[in-house]
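# Per-entry structural report
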Amino acid sequence: FNLTSFTPATFILGGIPGMEKSHIWISIPFCSMYLVALLGNGVVLFVIRTERSLHQPMYLFLSMLAIADLMLSTTTVPKMLALFWFSAGEISFGACLTQMFFLHFSFSAESVILLAMAFDRFVAICYPLRYTAVLTQSAVVKTGLVALVRSFCIIFPCIFLLKRLPFCGHNVIPHTYCEHMGVARLACADISINIFYGLAVPFAAIVVDFVLIVVSYVLILLALFRLPFRTARHKAFNTCGSHVCVILFFYIPAFFTVLTHRFGQEIPHHVHILLANLYVLIPPLLNTLVYGVRTQQIKKKVVK
């Protein structure tokens, strides 16, 4: 008698608990933000692809960030809108695991890309004469491969951790998309391994990325204060300002979501779900706006 055979053919996404009657109204800003994110990231990728003057490490990393943002939002938002508009909450077990994988994969990859962008700014400001020797095309490609391989190695075990669990008839996920712990909580078995791996391993990797980013910016600030001319300091601050904004948009909601899940038991469940939905929409939306407005090279090319 094999308990692992109790795997449901489909799961049912429940949407935002307690706000089912407002799904249509909630879908309007969500759809608008998603379309703007698609347009903005698409324009950034097109401009960087067509303008040879932008084939530099900083902009190549930005194009990687745009791809990760598109993956993050496109993995979840279309199914979310189908649920809101047509009550199409059914999703097969395989499709649910696929959505979960690409959601967490793109999140992890984006963290590595932000770390690479911080290193790019560190070398450009602290060691400008060695910039072209350190950040070559080969180094950029290797960084992209590291982001892919690390994210795959961290997230892929989650699929096996879920496939080994028996599901005894519980197939309603009180969420708008599939994520690791949301699916694991439906199992009728011990999920302590899922809880440990799902929180400790990816969160540790993200924290390491964040600490390294902070260290790089501490070194950048120390280098900036040693610059003799105010104009040079101002120019260097401008080059880092966009990246700092993007870092804040990415990490603050992530840490806030994790902390509220861990310590915010009094926060209503629908608030958690709304925050999770906004997290896959706001960074892809704001990242392109920040770089489009603050980066003169991209702004000029878009206007042209």
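Look up a bit, the structure's there.
Residues numbered from 1 in each chain as written. Predicted model: local features only at pLDDT ≥ 70, side-chain atom pairs only at ≥ 80, totals over all residues. Heavy atoms only, no water.

### Quick look at the state of the cysteines
Counted according to the given criterion, the structure contains two disulfides. Through a disulfide, Cys-168 is tied to Cys-188; the S-S separation comes to 1.8 Å. Given an S-S torsion of about 60 degrees, the disulfide between Cys-168 and Cys-188 has right-handed geometry. Of this pair, Cys-168 sits in the loop between helix H5 (137-163) and strand S3 (172-173) while Cys-188 sits in the loop between helix H6 (180-184) and helix H7 (192-225), placing them 20 residues apart in sequence. (Disulfide = S-S within 2.5 Å. Helix = DSSP H or I, 4+ residues; strand = E, 2+ residues; numbered from the N terminus.)

### A word on the nonpolar core
Grouped together as the largest cluster of nonpolar side chains are 47 residues, with contacts concentrated most on Phe-11, Phe-167, Ile-173, Val-183 and Val-280. For this core, the secondary-structure elements that each account for two or more residues are strand S1 (10-13), helix H1 (23-50), helix H2 (57-86), helix H3 (93-126), H5, H6, H7 and helix H9 (269-279). In terms of residues, this core owes the most to one element, H3, which gives seven residues. Setting aside residues no more than four positions away along its own chain, Phe-11 makes contact with Gly-89, Glu-90, Ile-91, Phe-93, Cys-96, Phe-167, His-170, Asn-171, Ile-173, Val-183 and Leu-186. Counting 39 residues, the second largest nonpolar core, distinct from the first, contains Val-44, Ala-68, Tyr-131 and Ala-223. (Core = buried A, V, L, I, M, F, W, Y, C linked by side-chain atoms within 4.5 Å. Buried < 20%, exposed > 50% of the residue type's maximum accessible area, 1.4 Å probe, protein only. Contact = heavy atoms within 4.5 Å.)

### A word on H5
Taking 1.5 Å per residue as the helical rise, H5 with its 27 residues ought to reach 39 Å, and the 40 Å between its terminal C-alpha atoms agrees with that figure. Of the residues making up H5, those classed as buried are Val-140, Gly-144, Ala-147, Ser-151, Ile-154, Ile-155, Cys-158, Ile-159, Leu-161 and Leu-162. Buried-residue contacts for H5 involve H2, H3, H6 and H7. (Expected span 1.5 Å × (residues − 1).)

### Some words on empty space enclosed by the protein
Inspection of the entire model under this criterion finds two cavities of 30 Å³ or more. The calculated volume of the largest cavity comes to roughly 50 Å³. Lining of the largest cavity is provided by Met-58, Phe-61, Met-117, Asp-120, Arg-121, Thr-239, His-243 and Tyr-291. Every element with two or more residues in the lining of the largest cavity is listed here: H2, H3 and helix H8 (230-263). By residue class, the composition of the lining of the largest cavity is four nonpolar, two polar and two charged. Here the second largest cavity defines a volume of roughly 40 Å³. In this structure, the second largest cavity is lined by Asn-41, Val-44, Leu-62, Leu-65, Ala-66, Asp-69, Asn-287, Thr-288 and Tyr-291. Those elements that provide at least two residues to the lining of the second largest cavity are H1, H2 and helix H10 (282-294). For the lining of the second largest cavity, the residue count by class is five nonpolar, three polar and one charged. (1 Å grid on protein atoms, 1.4 Å probe; cavity = no way out; pocket = protein on both sides within 12 Å on 5 of 7 lines; lining within 4 Å. Points joined across faces, edges and corners; volume = space filled by probe spheres on them. Nonpolar A, V, L, I, M, F, W, Y, C, P; charged D, E, K, R; others polar.)

From the geometry alone we can't say anything about function, so treat these as descriptive.
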